[in-house]
Amino acid sequence: MSTSSNPGSGSGFPRVKDDSERNDVSTTRDAPITVHLKTGELSGERVKSTIRTIGDLGGIFRDEKARQVFDSNAIVYRVQAFFPVGEGVEGGLFWGTTFIEPGMVGDEYFMTKGHYHSNRGRGEYYMTVRGSGALILMDESRRTVFEPMHPGTLHYIPFHTAHRVANTGESVLAFLACWPSDSGHDYESIAREGFSARLRKVGGIPTLVEES
Ligand code: S6P
Ligand code: ZN
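Everything numeric in this text was worked out from a predicted model, so none of it was measured.

Mind laying out the pairing of strand β4 (residues 75-82), listing which residues take part and the relevant values?
Where strand β3 (residues 47-53) meets β4, 7 bridges bridge the pair, whose relative direction is antiparallel. If you follow Arg52 over to β4, its bridge partner there is Tyr77. In this structure, β4 lies alongside strand β5 (residues 93-100), joined through 6 bridges in antiparallel fashion. Bridged to Val79 within β5 is Thr98.

The structure is reproduced here in structure tokens:
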């Protein structure tokens, strides 16, 4: 099969005209994305970043007073992601890295908000590249478990499963993720019902403690 040449490739990579509905073989050839394997950092013109601060995480931690002691602008985590097609498009895949700072709110580790995929029939992969942490998984019968995360650990998140990550170490935790572009994020169910257990530091050890 012959491949068509890219007219702009001699003088660098041309900008992609429309990110949202693209579905052709030049998606990353025209505007490459690279992953720094030691840090997880993504680079490329089309990488988008999101930051979550302590102020964004009201209602997430058990000890609300301990959360309010922090500067509300303190960063808890940030996400870099590549969306080759629009959010909600069926058949595509997204890629991202999440970086969680070390820290504690009361006896809970800095962690992500956590979500189900709005389209419950969508799974996901995570792979840890830096630091140590825990992937907390809860199925729809509200059974919660966690998997330890260390550089190189691969985590399959089954569909119909809420997921959240806590940084249990003393340095930044970074993990790569790949998920279907029609997954969506259901944060509301977590805001309303929470996880059935919280990962707390008990006697110095990350321990899942059932909510009473
Ligand atoms: C997306 C994937 C991750 C999270 C990220 C932040 O499906 O699971 O990219 O979005 O780890 O977590 P959260 O719960 O704030 O979206
Ligand atoms: Zn997800």
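Could you give an account of the sheet that holds strand β13 (residues 173-180), with specific residues and numbers?
Taken together, the 6 strands give an open sheet; going across it, the order is β3-β4-β5-β13-β8-β11, and neighbouring strands pair in antiparallel fashion. Looking along the sheet, the strands with just one partner apiece sit at the ends: β3 and β11 (154-157). Between one strand and the next, the sheet's axes are offset by a mean angle of 20°, whatever the strand orientation. Here strand β8 (residues 124-130) pairs with β13 via 5 bridges, running antiparallel. Residue Arg130 lies in a different strand from β13, and its bridge partner there is Ala174.

I'd like a description of the site of ligand 1, backed by residues and values.
Looking at ligand 1, there are 13 residues lining it, with Gly96, Thr98, Thr112, Lys113 and Trp179 nearest. At the level of secondary structure, the elements contributing two or more residues to the shell around ligand 1 comprise β5 and β13. Its residues assigned to classes, the shell around ligand 1 comprises 3 nonpolar, 8 polar and 2 charged.

Cut-offs used in this document
Residues numbered from 1 in each chain as written. Chains lettered and ligands numbered in written order. Predicted model: local features only at pLDDT ≥ 70, side-chain atom pairs only at ≥ 80, totals over all residues. Pairing = 2+ DSSP bridges. Helix = DSSP H or I, 4+ residues; strand = E, 2+ residues; numbered from the N terminus. Axes fitted to C-alpha atoms, helices over the stretch in contact; angles between N-to-C directions. Near = placed C-beta within 6 Å. Nonpolar A, V, L, I, M, F, W, Y, C, P; charged D, E, K, R; others polar.

Fair warning: the whole summary comes from geometry, so function is off the table for now.
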